[in-house]
Amino acid sequence: MNNKLKPALLGGLIVGVLSAIPIINYCCCIWSIGGGALAAFLYIKSSPVPVRMGDGAMVGGLAGVVGGIIYLIIGLPIALLFGMAAMQDSLDRSGIEVPLSGTLLMIVAAIVGAIILALLATLGGVIGTAIFEKRKGDGLAPPPPQNFSGGPGTYGTGM
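Heads up: these notes are all about the structure in this document. Owing to the predicted nature of the structure, the values given are computational and were not obtained by experimental measurement.

What follows concerns the side chain of D55. Among the secondary structure elements, D55 is positioned in helix α3 (residues 53–94). Classification of D55 as buried rests on a relative accessible area of 15%. Of note is the side chain of D55, whose polar atom sits 3.4 Å from the side chain of K4.

What follows is the structure, encoded as structure tokens:
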């Protein structure tokens, strides 16, 4: 299994499930950023070299995509079952004419919400990398030292 996939799946599970549960989904932005940061944390712990910001963003973005898919699978049916009648009743009482039907409007809103979850989880991956990556360096071995010992053919030997 790819070493980025496991943290992304765990972070995405947090993003998707906590954003889809009706009572606690009001904090969906926090869950999304937290899931991306969790994915970055898990990736940093499993990485033998220092993790760059781009890698943290990638892991967070993957977590956001997984979370967005889980959100669509769990959250959309819950919203259609419980929120459809309330939304339609509210639209009828307000007198607002919506060009889309209620069901189509909720599907479009869920897709936009899943995209926003993915973007915020990417931000969470960057934030998580900035917070949790304490190792210095860019993950590459340093170059070999140059010969500064003054051997033959060097400047100042008079040859």
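Working definition: an aromatic ring pair is given by the centre-to-centre distance plus the angle between the planes. Within this structure, the stated rule accounts for 1 aromatic pair. Ring geometry for F41 versus F132: centroids 4.9 Å apart, planes at 65 degrees, classification edge-to-face. Within this pair, whereas F41 is found in helix α2 (residues 28–46), its partner F132 is found in helix α4 (residues 102–132), the two being separated by 91 residues in sequence. What makes F41 partly exposed here is its relative accessible area of 28%.

Taking 1.5 Å of rise per residue, 19 residues should cover 27 Å, and α2 covers 27 Å from first to last C-alpha, within 8% of that figure. Taken together, the buried positions of α2 are S32, G35, G36, A37, A39, A40, Y43 and I44.

As for its placement among the helices and strands, R135 is situated in the segment after α4. For the pair R135 and V49, spaced 86 residues apart in sequence, the C-alpha separation works out to 8.1 Å. Aside from chain neighbours lying at most four places away, what touches R135 is I44, S47, P48, V49, P50 and V51. For R135, the side chain forms a polar contact with the main-chain oxygen of I44, separated by 3.3 Å. Looking at R135, its side chain comes within polar contact range of the main-chain oxygen of V49, at 3.1 Å.

On to the side chain of K4, then. As for its position among the elements, K4 is in the segment before α1 (5–20). If sequence neighbours within four positions are ignored, K4 has contacts with Y43, D55, M58 and V59.

Now for a nonpolar patch on the surface. Together, V65, I69, I73 and I74 make up an exposed nonpolar region whose accessible area comes to about 360 Å². Inspection of the secondary structure puts I73 in helix α3. Under the relative-accessibility criterion, I73 is labelled exposed at 60%.

Under the 1.5 Å per step criterion, the end-to-end length of α1 is 22 Å for 16 residues, consistent within 8% with the ideal 22 Å. When α1 is considered as a whole, its buried residues turn out to be P7, A8, G11, G12, V15, G16, L18, S19 and A20.

Two elements in contact, α1 and α2, have axes whose closest approach is 8 Å; the angle formed by their N-to-C orientations is 165 degrees. Compared by their axis directions, α1 and α2 come out roughly antiparallel. As for the relative orientation of α1 and α2, their crossing is right-handed in sense. Between α1, through P7, A8, L10, G11, I14, V15, L18 and S19, and α2, the contact on the second element is made entirely by C28, W31, S32, G35, G36, L38, A39, L42 and Y43. When grouped by side-chain class, the residues that make up the contact of α1 with α2 number 12 nonpolar, 5 polar and no charged.

Criteria and cut-off values
Residues numbered from 1 in each chain as written. Predicted model: local features only at pLDDT ≥ 70, side-chain atom pairs only at ≥ 80, totals over all residues. Heavy atoms only, no water. Helix = DSSP H or I, 4+ residues; strand = E, 2+ residues; numbered from the N terminus. Buried < 20%, exposed > 50% of the residue type's maximum accessible area, 1.4 Å probe, protein only. Polar contact = N/O pair within 3.5 Å; in protein donor to acceptor, adjacent residues only side chain to side chain. Phe/Tyr/Trp six-rings, centres within 6.5 Å; stacked < 30°, edge-to-face > 60°. Expected span 1.5 Å × (residues − 1). Contact = heavy atoms within 4.5 Å. Patch = residues over 30% accessible without salt bridge, like charges linked within 9 Å, V, L, I, M, F, W, Y side chains within 5 Å. Areas by Shrake-Rupley, 256 points an atom, 1.4 Å probe, with all protein chains shown as cover. Salt bridge = Lys/Arg side-chain N within 4 Å of Asp/Glu carboxyl O. Axes fitted to C-alpha atoms, helices over the stretch in contact; angles between N-to-C directions. Parallel < 35°, antiparallel > 145°, perpendicular 65-115°, else oblique. Left-handed = near helix turned anticlockwise from the far one by under 90°. Nonpolar A, V, L, I, M, F, W, Y, C, P; charged D, E, K, R; others polar.

By themselves, these are just geometric observations and shouldn't be taken as functional.
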